[in-house]
Amino acid sequence: MLSIMLSLYLSVSILFPFGTQPNAGDPFLIVNKKVNELAYIDGNEVQRVLSVATGKSIDQTPEGLFTIIVKAENPYYRKKNIEGGAKENPLGTRWIGFDAKGTNGRIYGVHGTNRPDSIGKYTTAGCIRLLNEEVELLYNDIPIGTKILITSSNQSFYELASKAGAIGENIELK
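Read on for a plain summary of the structure.

Thresholds, definitions, all that
- Residues numbered from 1 in each chain as written.
- Predicted model: local features only at pLDDT ≥ 70, side-chain atom pairs only at ≥ 80, totals over all residues.
- Heavy atoms only, no water.
- Core = buried A, V, L, I, M, F, W, Y, C linked by side-chain atoms within 4.5 Å.
- Buried < 20%, exposed > 50% of the residue type's maximum accessible area, 1.4 Å probe, protein only.
- Helix = DSSP H or I, 4+ residues; strand = E, 2+ residues; numbered from the N terminus.
- Polar contact = N/O pair within 3.5 Å; in protein donor to acceptor, adjacent residues only side chain to side chain.
- Contact = heavy atoms within 4.5 Å.
- Patch = residues over 30% accessible without salt bridge, like charges linked within 9 Å, V, L, I, M, F, W, Y side chains within 5 Å.
- Areas by Shrake-Rupley, 256 points an atom, 1.4 Å probe, with all protein chains shown as cover.
- Salt bridge = Lys/Arg side-chain N within 4 Å of Asp/Glu carboxyl O.
- Lys, Arg positive; Asp, Glu negative; His and termini not counted.
- Charge placed at Lys NZ, Arg CZ, Asp CG, Glu CD.
- Arc of directions from axis to C-beta.
- Pairing = 2+ DSSP bridges.
- Axes fitted to C-alpha atoms, helices over the stretch in contact; angles between N-to-C directions.
- Phe/Tyr/Trp six-rings, centres within 6.5 Å; stacked < 30°, edge-to-face > 60°.
- Lys NZ or Arg CZ within 6 Å of the ring centre and 35° of its normal.

**Concerning the nonpolar core**
Link 1 in the chain: Leu29, Leu38, Phe98, Val110, Ile128, Leu138 and Ile148 are the most contacted members of the largest nonpolar core, which has 21 residues in total.
Link 2 in the chain: Sorting the residues of this core by element identifies β1 (28-32), β2 (37-42), β5 (64-73), β6 (94-98), β7 (108-111), α2 (132-141) and β10 (147-151) as the ones contributing at least two each.
Link 3 in the chain: In terms of residue count, the dominant contributor to this core is α2 (three residues).
Link 4 in the chain: Counting residues in hydrophobic clusters, the runner-up holds 13 residues, among them Ala39, Ile41, Ala161 and Ile167.

Listed below in structure tokens is the structure:
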């Protein structure tokens, strides 16, 4: 009986991802590689749209619906052994990692940058770059388990969010 109760608790615990689809009204991220923008959706509305940098080639930033599974302040840059918080750290001040391509949230992520001039461009090895000030705000708003949709589309963020279920059907698209 105890194992059944524990299983039930863990299956609905906020520590675990929310499931395969977002729930209308929950925090949700959409990255549109076509325009290099990220939309933060919450409470059935697009709260803000931010300019980002994405992969140098179309296939470097993976597309699909993923889950935020790791968050870190002043992330350590393993590839070049650069301490978190260091001015030369290309990951900036925050890391929001997601499970693309079966990874553990430490390969692909939304992160800050020490190169603000790269924002809006196709220049990363696959991650999504934001200005440090913007990723810090987003970091505070996004819990572990939040869904992130990465696509290359001509549709608006409202259309994409509605189609994904992140904005309720009874909400009028703007």
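**A word on the side chain of threonine 61**
Link 1 in the chain: Relative to the elements of secondary structure, threonine 61 occurs in the loop between β4 (54-55) and β5.
Link 2 in the chain: Take threonine 61: its relative accessible area is 1%, and that puts it in the buried class.
Link 3 in the chain: Of the polar contacts made by the side chain of threonine 61, one reaches the backbone nitrogen of glycine 55; its length is 2.8 Å.
Link 4 in the chain: Separated by 3.1 Å, the side chain of threonine 61 and the backbone oxygen of glycine 126 make a polar contact.
Link 5 in the chain: Sequence-distant contacts of threonine 61, that is, excluding residues within four places in its chain, are made with Lys33, Thr54, Gly55, Thr124, Gly126, Cys127, Ile128 and Ile150.

**With respect to a positive patch on the surface**
Link 1 in the chain: There is a patch of like positive charges on the surface, built from Lys56, Lys79, Lys80, Arg115 and Lys121.
Link 2 in the chain: Mapping lysine 56 onto the fold places it in the loop between β4 and β5.

**Details of helix α3 (residues 157-164)**
Link 1 in the chain: Buried residues of α3: Phe157, Tyr158, Leu160, Ala161 and Ala164, and no others. In an axial view of α3, the angular spread of the buried residues amounts to 165 degrees, which keeps them on one side of the axis.
Link 2 in the chain: One or two positions beyond α3, positive phi appears at glycine 165, with a value near 90 degrees.

**Points about the sheet that holds β2**
Link 1 in the chain: In space, the eight strands of this open sheet follow the order β3-β2-β1-β10-β5-β6-β7-β9, with mixed pairing throughout. Unpaired on one side and paired on the other, β3 (45-51) and β9 (128-129) mark the two borders of the sheet.
Link 2 in the chain: Judged from the four bridges that link them, β5 and β10 form a sheet pairing that is antiparallel. When the sheet's bridge partners are listed, threonine 67 is paired in β10 with lysine 147.
Link 3 in the chain: Seen against the sheet, α2 touches β1, β2, β3, β5, β6 and β7 and runs at an angle of roughly 55 degrees to β6.
Link 4 in the chain: Contacts between α3 and the sheet are confined to β1, β2, β3 and β10, with β1 contributing the most and set at about 130 degrees to the helix.

**Structural notes on the packing of aromatic side chains**
Link 1 in the chain: A complete count under the given rule lists two aromatic pairs for this structure.
Link 2 in the chain: Ring geometry for phenylalanine 66 and phenylalanine 98: centres 5.7 Å apart, planes at 25 degrees, overall stacked. Of this pair, phenylalanine 66 sits in strand β5 while phenylalanine 98 sits in strand β6; the two residues are 32 residues apart in sequence, bridging distant segments of the chain.
Link 3 in the chain: Overall, the relative accessible area of 10% leaves phenylalanine 66 in the buried class.
Link 4 in the chain: With relative accessibility at 0%, the residue phenylalanine 98 sits in the buried group.
Link 5 in the chain: Plain terms: the ring middles of phenylalanine 98 and tyrosine 108 are 6.5 Å apart, the flat faces sit at 25 degrees to each other, and that makes the pair stacked. Taken as a pair, phenylalanine 98 in strand β6 and tyrosine 108 in strand β7 lie far apart in primary sequence, ten residues in all. When sorted by exposure, phenylalanine 98 lands in the same class as tyrosine 108, which is buried.
Link 6 in the chain: Three or more aromatic residues joined by ring pairs make a cluster, and in this case those are Phe66, Phe98 and Tyr108.
Link 7 in the chain: Above the ring of tyrosine 139, the side-chain terminus of arginine 94 is found at 5.3 Å from the ring centroid.

By themselves these figures say nothing about function.
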